[in-house]
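The chain contents come next:
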Amino acid sequence: METFLAWFPITIGGTPIADPYASWHTNTIDFGVISRLHLIRLYHGWEHETALCQYLDAEPSLLDALGVEFCPDQSTLYTAWHERFTEEYREVLY
């Protein structure tokens, strides 16, 4: 299931979902990747991002499937969920 979630297209009707962050925003993790990471977190039922970070540290093959070299830190994941994602988007991910 995780491999599927790592690949899952983040689109609406085949059109990529617009990232609310401006493209010039520094240290911005790809919107699709950060969305997939949160889908994996939700799949496992983890309420907090720390559990996801610990899991990904132990599962480097999942990072490879996501196409990233390392897991974003807990703060980045938290900020994405609470500030980058709209309330509507968070509800859709659930």
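Enquirer: Just give me the short version of the overall build of the chain, but keep the residues and values in it.
Expert: Counting its secondary structure elements, the chain contains six helices and two strands. Along the chain, helices and strands appear, N-terminal first, in the series α-β-β-α-α-α-α-α. Within the span of the chain, comprising 94 residues, buried residues form 36% of the whole. Nonlocal contacts in the chain, meaning residues at least 24 apart in sequence, comprise 62% of its contacts between residues at least 6 apart. Carbon and sulfur atoms make up 53% of the accessible area of the chain, which amounts to about 6000 Å² in all.

Enquirer: Which residues make up the packing of aromatic side chains, and what values do they have?
Expert: As enumerated under the stated definition, the model contains six aromatic pairs in all. The interplanar angle of 80° and the centroid separation of 5.8 Å between the aromatic rings of Trp81 and Tyr94 together place this pair among those described as edge-to-face. With Trp81 in helix H5 (residues 74-84) and Tyr94 in the segment after helix H6 (87-93), the pair connects residues that are 13 residues apart, well separated along the chain. In this structure an aromatic cluster arises from ring pairing among Phe31, Trp81, Phe85, Tyr89 and Tyr94. Residue placement shows Arg41 over the ring face of Trp81; its charged tip is 4.6 Å from the ring centre.

Enquirer: Describe in detail the packing of helix H2 (residues 31-44) against H5, supporting the description with residues and values.
Expert: The angle between the axes and the distance between the axes are what describe a pair of packed helices. Running from N to C, H2 and H5 cross one another at 100°; their axes reach a closest spacing of 11 Å. Between H2 and H5, the angle is such that the two are roughly perpendicular. Along its contact with H2, which presents Phe31, Ile34, Leu37, His38, Arg41 and Leu42, the element H5 presents Thr76, Leu77, Ala80, Trp81 and Arg84. Of the residues assigned to the contact of H2 with H5, the class counts are seven nonpolar, two polar and two charged.

What counts as what
Residues numbered from 1 in each chain as written. Predicted model: local features only at pLDDT ≥ 70, side-chain atom pairs only at ≥ 80, totals over all residues. Heavy atoms only, no water. Helix = DSSP H or I, 4+ residues; strand = E, 2+ residues; numbered from the N terminus. Buried < 20%, exposed > 50% of the residue type's maximum accessible area, 1.4 Å probe, protein only. Contact = heavy atoms within 4.5 Å. Areas by Shrake-Rupley, 256 points an atom, 1.4 Å probe, with all protein chains shown as cover. Phe/Tyr/Trp six-rings, centres within 6.5 Å; stacked < 30°, edge-to-face > 60°. Lys NZ or Arg CZ within 6 Å of the ring centre and 35° of its normal. Axes fitted to C-alpha atoms, helices over the stretch in contact; angles between N-to-C directions. Parallel < 35°, antiparallel > 145°, perpendicular 65-115°, else oblique. Nonpolar A, V, L, I, M, F, W, Y, C, P; charged D, E, K, R; others polar.

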